[in-house]
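# Summary of structural features
The chain contents come next:
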Amino acid sequence: MPLTRNRWFVMDRLSSMAVFVKAVEVGSFAAAADVLDLSAPMVGKHVKMLEDHLGVRLINRTTRRQSLTETGQCFYERCKTVLMEVEAAEACVAESRAMPRGRLRVNAPVTFGAHCLAPILPEYLRAYPEVSVDLSLNDRVVDLVEEGYDAVVRVGALSDSSLIARPLAPYRLVACAAPSYLAERGTPSSPMDLGDHECLGFVHWAPRGSWEFKDANGAARTAAIASRLTTNSGQALRAAALAGFGIILQPFALLAGDLEAGRLVQLLCDYEPPSRSMHILFAPDERPGPKLRSFVDFMVQHFG
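What you see is a predicted model, and the numbers here were worked out from it, not measured in a lab.

As a further point, take the overall build of the protein. If you tally the helices and strands in the protein, you get nine helices and 13 strands. A globule of 304 residues ought to have a C-alpha radius of gyration of about 19 Å, yet the protein, at 32 Å, is considerably larger. Considering only C-alpha atoms, the protein reaches an extent of 105 × 40 × 40 Å along its principal axes. The 304 residues of the protein split such that 37% are buried.

In this model helix H5 (residues 110-127) runs 24 Å from its N-terminal to its C-terminal C-alpha over 18 residues, within 8% of the 26 Å that 1.5 Å per residue would give. Considering bend angle alone, the principal kink of H5 is centred on Leu-117 and spans about 50°; proline Pro-119 follows within four residues of it. By the burial criterion, the buried members of H5 are Thr-111, Phe-112, Gly-113, Cys-116, Leu-117, Ile-120, Leu-121 and Tyr-124.

What follows covers the packing of H5 against helix H9 (residues 290-303). Between H5 and H9, the shortest axis-to-axis distance is 11 Å and the interhelical angle comes to 120°. Overall, the two elements H5 and H9 adopt an arrangement that is oblique. For the pair H5 and H9, the crossing hand works out as right-handed. Residues Phe-112, Cys-116, Leu-117, Ile-120, Leu-121, Glu-123 and Tyr-124 of H5 form the contact with H9, whose own contacting residues are Lys-291, Ser-294, Phe-295, Phe-298, Met-299, His-302 and Phe-303. A breakdown of the residues in the contact of H5 with H9 according to their chemical character gives ten nonpolar, two polar and two charged.

Moving on, we get to helix H2 (residues 29-36). The periodicity of an α-helix, 3.6 residues per turn, causes residues three or four places apart in sequence to face the same way. Every buried residue belonging to H2 is among Phe-29, Ala-32 and Ala-33, and all of these are buried. Taken end-on, H2 shows its buried residues confined to a sector of 105°, consistent with a single buried face. The outward face of H2, more than 90 degrees from its buried face, is lined by the exposed residues Asp-34 and Val-35. Asp-37 occupies a position one or two residues after H2 and carries a positive phi of about 60°.

The next point concerns the environment of Leu-194. With respect to the helices and strands, the residue Leu-194 is situated in the loop between helix H6 (179-185) and strand S7 (201-202). Each C-alpha atom, one on Leu-194 and one on Pro-122, is 40 Å from the other, the two residues being 72 residues apart in sequence. With sequence-adjacent residues up to four places away left out, Leu-194 is seen in contact with Pro-188, Cys-199, Trp-211, Phe-213, Ala-223, Ala-224, Ile-225, Ile-247 and Leu-268.

Summed over the entire model, instances satisfying the criterion amount to ten salt bridges. With a closest N to O distance of 2.8 Å, Asp-52 and Lys-48 form a salt bridge. A residue pair is termed a helical-turn pair when its members lie 3 or 4 positions apart in one helix, as Asp-52 and Lys-48 do in helix H3 (residues 40-54) at four residues. According to the relative accessible area criterion, Asp-52 is exposed, its value standing at 53%.

Averaged over every residue, the pLDDT of the protein is 87; residues scoring 70 or more account for 93%. Low confidence marks residues 1-8, where pLDDT is under 50. Its contacts with residues over four positions away, or in another chain, come to zero contacts.

What follows is about the packing of H2 against H3. Their axes nearest at 8 Å, the elements H2 and H3 cross at an angle of 105°. As summarised for this structure, H2 and H3 are arranged roughly perpendicular, according to the angle between their axes. Residues Phe-29, Ala-30, Ala-32 and Ala-33 of H2 lie in contact with H3, whose contacting residues are Ala-40, Val-43, Gly-44 and Val-47. For the contact of H2 with H3, the per-class residue count stands at seven nonpolar, one polar and no charged.

Right, let's talk about the packing of aromatic side chains for a bit. The full count for this structure, using the stated rule, is six aromatic pairs. When the ring of Phe-112 is compared with that of Tyr-171, the centres are 5.9 Å apart and the planes differ by 80°; the resulting orientation is edge-to-face. Of this pair, Phe-112 sits in helix H5 while Tyr-171 sits in strand S6 (residues 164-177), and the two are 59 residues apart along the sequence. Comparing Phe-112 with Tyr-171 shows no difference in burial state: the two are buried. Note on Tyr-124 and Tyr-128: the rings are 5.0 Å apart at their centroids and 50° apart in plane angle, and the pair reads as tilted. For Tyr-124, a relative accessible area of 0% gives the class buried. An aromatic cluster is present here, built from Tyr-124, Tyr-128, Phe-295 and Phe-298 joined pairwise through their rings. Seen from the ring of Tyr-149, Arg-105 lies directly overhead, with NZ or CZ sitting 4.4 Å from the centre.

Procedures and definitions
Residues numbered from 1 in each chain as written. Predicted model: local features only at pLDDT ≥ 70, side-chain atom pairs only at ≥ 80, totals over all residues. Heavy atoms only, no water. Helix = DSSP H or I, 4+ residues; strand = E, 2+ residues; numbered from the N terminus. Rg over C-alpha atoms; globule rule 2.2 N^0.38 Å. Buried < 20%, exposed > 50% of the residue type's maximum accessible area, 1.4 Å probe, protein only. Expected span 1.5 Å × (residues − 1). Bend = angle between axes of the 7 residues up to and from the residue. Axes fitted to C-alpha atoms, helices over the stretch in contact; angles between N-to-C directions. Parallel < 35°, antiparallel > 145°, perpendicular 65-115°, else oblique. Left-handed = near helix turned anticlockwise from the far one by under 90°. Contact = heavy atoms within 4.5 Å. Nonpolar A, V, L, I, M, F, W, Y, C, P; charged D, E, K, R; others polar. Arc of directions from axis to C-beta. Salt bridge = Lys/Arg side-chain N within 4 Å of Asp/Glu carboxyl O. pLDDT = per-residue confidence, 0-100. Phe/Tyr/Trp six-rings, centres within 6.5 Å; stacked < 30°, edge-to-face > 60°. Lys NZ or Arg CZ within 6 Å of the ring centre and 35° of its normal.

Put into structure tokens, the structure is as follows:
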């Protein structure tokens, strides 16, 4: 019971602090009563309760004017801070309960965006019918702030940035080739054999000129490769691989259908293929709005 009484006392004290601050700002108990829809005696009662609790006079009152005491001035400034914090806390809760709405601009790498993100975006849009998504796909590093994106998905190592990064699951790659290529050139049994093969280069993989695998013991096996065909398009590399020109190293999501259908054959199965770290990035904000927060949570749920 004492705890319950104390809780109510704290609540009453906050109300009295709000009345006290208003009385100071508008200059009189009568004016505060008009603003707060209270009686002037009730305003005086709130102020007296604070003074009795603190054991000091906060306001010097006469029939014609009122003025803050020195202690009252200090208390007034502190009360404003407390009430602002309470208001901010309530706004934070209200915002978290608000329905996400508005246009969300998202950028993602081409292959991930087309084969991983786009198929599940309808689930997000159905869950949040007042949100619309502009999805931009390219493999260059975009400037989130300058180009006006709300969030970007980035594959690979992150450069130093003031952006907030939420980690997603590493982006899985796979090495494979067409049966016609393997029939002509043979099948590599280890990463070291790749130097004798035609390897299809992707300009966005770093470092260029080598592919790195791990053996069964977790040791890195770096293979130097030479690429006569290099491009910035995973789809173009896929077309070249299907034509039997060489070995491709691209995301599993891009090649899964070809592997399942037998149009491509996975290579170096005894070695762990390379993967790329992946993050979703957004601009720092003390309280991201419900639209952005809902999308980031959705991405972490599906790809985290």
